[in-house]
There are 2 protein chains.
Amino acid sequence: MGHAHAKRRLVELMEQLRAKSRKITGPRQKILDVLRNSRHPVTIKEVFARMPKGDCDLVTIYRSMHLLEGMGMVKRFDFGDGVARFELIDGLDGGHHHHLICTRCDRIVELEDCFAQEMEKAVSARSGFQSVTHKLEFFGVCPICQATP
Amino acid sequence: MGHAHAKRRLVELMEQLRAKSRKITGPRQKILDVLRNSRHPVTIKEVFARMPKGDCDLVTIYRSMHLLEGMGMVKRFDFGDGVARFELIDGLDGGHHHHLICTRCDRIVELEDCFAQEMEKAVSARSGFQSVTHKLEFFGVCPICQATP
DNA sequence: ATCGCTGCAAAAATTTTGCAGGTAA
DNA sequence: TTACCTGCAAAATTTTTGCAGCGAT
């Protein structure tokens, strides 16, 4: 059960920014680099911690993440602990997938398949809502934690 | 598509508290009352706003909500806006259900069925995780907002 | 009488905003 | 040059913690 997506090329990401006349700056490249090299969704503070001190202000990461989210380049997740997490979107389908989070050690497993695509249609049909999307995350106790009570 | 659960009797909730030697106080009764009368998950501030001023401190609501969550009497939701929402759990099965949130006007629709119960088994079998649960919410544009661009 | 609960105050943690200067295009 | 972007500082939100006193059992 490896991670669900291949690394996106940095050039490609730059191009997406350029297309919306957004500038390619040092901080942004570094933020994108951290995102590219993260196997799981990362918090703002984690992004901050993963770059050499002084490379980029914390506030800039907040602002960039908003921008990237608005551009559909990044997806926001919430694992129920009140901290936002972000993951680079890849592929044309958006690389839609879900996570399985261990409630004891916070280990994260990426689930490759999406179970819920048909559900959206059913929900839409019944409710009259359009452009229905969903957020689905799983929680449980991982094998390692099961062994250590 | 009405709401998925019947109102729980206050006495029943009190009993649950008593069983764990938690005290039945004025603020707690008022908090439970707000929860009982809420058709959708409510934020801490909403609970606060829905009781006569001075009836209960905001901090007490935070603390009570933690307690109730820990006791399995209340469930926490996150609709992606960075604010926690809470709903009373009812029934033996926990009244498991999902929500459909309009991304324009924040209207909430309660979905009566749970689509995802079997998914938990599949996820558990594949990953080796145990006690797998899930959180699933849907987002879309409601009929009213569709009519007003 | 005991243990738990509450309010108030203060702190912590996360996220947003204002502004003056700097930089990519 | 002209938008856009950044860092710093400050503020706004949301949530947590300490403590002394009150209250349910």
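Residues numbered from 1 in each chain as written. Chains lettered and ligands numbered in written order. Predicted model: local features only at pLDDT ≥ 70, side-chain atom pairs only at ≥ 80, totals over all residues. Heavy atoms only, no water.

Colleague: How should I be thinking about the interface of chain B and chain A in this particular structure?
Modeller: Often the size quoted for an interface is simply the accessible area lost on bringing the parts together. Across the contact, 33 residues belong to chain B and 33 residues belong to chain A. Between chain B and chain A, a total of about 2,900 Å² is buried, with carbon and sulfur atoms accounting for 69% of that surface. It is B:Met119, B:Phe129 and B:Phe139 that lose the most area in chain B upon contact with chain A, and together they represent 21% of the buried surface on that side. Applying the counting criterion to the chain B and chain A interface returns zero salt bridges. Connecting chain B to chain A are eight residue pairs in polar contact (both at pLDDT 80 or more). The set of elements that each furnish at least two residues to the side of chain B that touches chain A consists of strand S2 (74–78), strand S4 (98–102), strand S5 (108–111), helix H5 (117–127), strand S6 (130–141) and helix H6 (143–147) of chain B. Sorting elements by how many residues they give to the side of chain B that touches chain A places S6(B) first, with 12 residues. A breakdown of the residues in the side of chain B that touches chain A according to their chemical character gives 17 nonpolar, nine polar and seven charged. In this structure, strand S6 (residues 130–141) of chain A lies alongside S6(B), joined through nine bridges in antiparallel fashion. Following the sheet pairing, A:Phe138 is matched in S6(B) by B:His134. (Contact = heavy atoms within 4.5 Å. Buried area = accessible area lost by both parts, 1.4 Å probe. Salt bridge = Lys/Arg side-chain N within 4 Å of Asp/Glu carboxyl O. Polar contact = N/O pair within 3.5 Å; in protein donor to acceptor, adjacent residues only side chain to side chain. Helix = DSSP H or I, 4+ residues; strand = E, 2+ residues; numbered from the N terminus. Nonpolar A, V, L, I, M, F, W, Y, C, P; charged D, E, K, R; others polar. Pairing = 2+ DSSP bridges.)

Colleague: In this structure, what is going on with the side chain of A:Glu137? I would like to understand it.
Modeller: Residue and element names in this part refer to chain A. Examined against the element boundaries, Glu137 turns out to sit in strand S6. Within the buried set, Glu137 has no salt-bridge partner at all; the shortest N-O distance to an opposite charge, 7.0 Å, is to Lys75. One polar contact links the side chain of Glu137 to the main-chain amide nitrogen of His99, over a distance of 2.9 Å. (Buried < 20%, exposed > 50% of the residue type's maximum accessible area, 1.4 Å probe, protein only. Lys, Arg positive; Asp, Glu negative; His and termini not counted.)

Colleague: Looking at this structure, I do not really get the sheet that holds S2(B). What am I missing?
Modeller: What holds strands together in a sheet is hydrogen bonding between their backbones, with the strands either parallel or antiparallel. Residues and elements named next belong to chain B. With respect to topology, three strands assemble into an open sheet ordered S1-S3-S2, the strand pairing being antiparallel. At either margin of the open sheet sits one strand with a lone partner, and together these are strand S1 (42–43) and S2. Here two bridges tie S1 to strand S3 (residues 84–88), and the two strands are oriented antiparallel to one another. Bridge pairing links Val42 to Phe86 in S3.

Colleague: What is the right way to read the packing of aromatic side chains from this model?
Modeller: Geometrically, a pair of aromatic rings is defined through the distance of the ring centres and the angle of the planes. Residue and element names in this part refer to chain A. Tallied over the entire structure, the rule returns two aromatic pairs over all chains. Both rings, one in Phe77 and one in Phe79, keep their centres 6.4 Å apart while their planes meet at 50°; by these two values the pair is tilted. A residue is classified by how much of its surface remains accessible, and Phe77, at 4% relative accessible area, is buried. In this structure Phe79 comes out as buried when scored by relative accessible area, which is 8%. (Phe/Tyr/Trp six-rings, centres within 6.5 Å; stacked < 30°, edge-to-face > 60°.)

Colleague: How should the protein's contact with DNA strand D be read in this particular structure?
Modeller: Within the structure, DNA strand D sits among 19 residues, and A:Lys23, A:Thr25, A:Arg28, A:Thr60 and A:Arg63 are positioned closest to it. When atoms of DNA strand D within 4 Å of the protein are sorted by moiety, sugar and phosphate together comprise 69%. Side-chain polar atom of B:Lys23 to a base nitrogen of DNA strand D: 2.8 Å apart, as the coordinates give it. Between a phosphate oxygen of DNA strand D and a side-chain N or O atom of B:Tyr62, the distance comes to 2.8 Å. At the level of elements, helix H2 (26–36) and helix H4 (58–70) of chain A together with helix H4 (58–70) of chain B are the ones that each hand at least two residues to the surface near DNA strand D. Among the elements that make up the surface near DNA strand D, the one with the highest residue count is H4(B) (four residues). Taken together, the residues of the surface near DNA strand D break down into seven nonpolar, three polar and nine charged. (Near = heavy atom within 4 Å.)

Colleague: Please explain the sheet that holds S6(B) as it appears in this structure.
Modeller: Strand order across the open sheet formed by six strands is S5(A)-S4(A)-S6(A)-S6(B)-S4(B)-S5(B), with mixed pairing between neighbours. Each edge of the sheet is formed by a strand with only one pairing partner; in this case those strands are strand S5 (108–111) of chain A together with S5 of chain B. Within the sheet, the average angular offset between the axes of one strand and its neighbour, ignoring direction, is 25°. By the bridge criterion, four bridges tie strand S4 (residues 98–102) of chain A to S6(A) in an arrangement that is parallel. (Axes fitted to C-alpha atoms, helices over the stretch in contact; angles between N-to-C directions.)

Colleague: Please clarify how the pattern of salt bridges should be interpreted in this entry.
Modeller: Once their charged atoms are close, side chains differing in charge can pair, the charge on each being opposite to the other. Residues and elements named next belong to chain A. This structure, assessed with the given rule, holds 10 salt bridges over all chains. In this structure, the salt-bridge partner of Lys30 is Asp55, at a minimum N-O distance of 3.8 Å. With Lys30 in helix H2 and Asp55 in the loop between helix H3 (44–49) and H4, this residue pair connects regions lying 25 residues apart in the sequence. Accessibility expressed as a relative area gives 32% for Lys30, which makes it partly exposed. Given a relative accessible area of 25%, Asp55 falls into the partly exposed group. Between Arg85 and Asp81 there is a salt bridge whose closest N-O contact spans 2.4 Å. Overall, the relative accessible area of 44% leaves Asp81 in the partly exposed class.

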